[in-house]
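A look at the structure
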Amino acid sequence: MEQPRSTPPPVGLVGGILGLGKNLLGLIISRLELAALEFSEIGGNLLKIIVLFGLALMAIWFAVAYWTVLIVLLAWDAWGWKILLLMAAVFTVLAVGLALYARAILREGRIALPETMAELRKDRDALL
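Residues numbered from 1 in each chain as written. Predicted model: local features only at pLDDT ≥ 70, side-chain atom pairs only at ≥ 80, totals over all residues. Heavy atoms only, no water.

Next up on the list: a nonpolar patch on the surface. A contiguous nonpolar surface patch, about 680 Å² in accessible area, is contributed by Leu47, Val51, Leu55, Met58, Phe62 and Tyr66. On the secondary structure map, Val51 appears in helix α1 (residues 13-79). Judged by its relative accessible area of 45%, Val51 is partly exposed. (Patch = residues over 30% accessible without salt bridge, like charges linked within 9 Å, V, L, I, M, F, W, Y side chains within 5 Å. Areas by Shrake-Rupley, 256 points an atom, 1.4 Å probe, with all protein chains shown as cover. Salt bridge = Lys/Arg side-chain N within 4 Å of Asp/Glu carboxyl O. Helix = DSSP H or I, 4+ residues; strand = E, 2+ residues; numbered from the N terminus. Buried < 20%, exposed > 50% of the residue type's maximum accessible area, 1.4 Å probe, protein only.)

As structure tokens, this is what we get:
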């Protein structure tokens, strides 16, 4: 029985191109694995945050509703309809402030993939 001979890798330009392609494919696969790992971490934390945010939002709505009704009832005799205008203005300012705060958090990039992006920048710099 003859043992199969292992063919030596091609030498020259074709061998170099095949080696470069093989290394590039390995690099791409490792970066995809890193991104997948970071996405799994973000996904778990994001699910917790969404659930907590939903529960907190519901509790806040109940608290705001009851406090608003209490304030309106207590101030209605003295202020009349003006208390409704004041409450609407307060909640509008609060809503705008919260929206600006959320936009600032998003601009800071807290939901980014820092390690993957750093590795991709290193790869880009090395290749260029």
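A few words now on the pattern of salt bridges. Applying the stated rule across the entire model yields four salt bridges. Measuring nitrogen to oxygen at the nearest pair gives 3.3 Å for the salt bridge that ties Glu119 to Arg31. A residue pair is termed long-range when its members are at least 10 positions apart, and Glu119 in helix α3 (residues 114-127) and Arg31 in helix α1 qualify at 88 residues. Residue classification places Glu119 among the partly exposed positions, given a relative accessible area of 24%. Arg31 sits in the buried class, given a relative accessible area of 17%. The residue Arg31 makes a salt bridge to Asp123 at a minimum N-O spacing of 2.6 Å.

Let's shift gears to the confidence of the model for the protein. Summarising the model, the protein shows a mean pLDDT of 83, and 89% of its residues fall at 70 or more. Per-residue pLDDT, averaged within each element of the protein, yields its smallest value for α3 (79) and its largest for helix α2 (residues 82-108) (89). (pLDDT = per-residue confidence, 0-100.)

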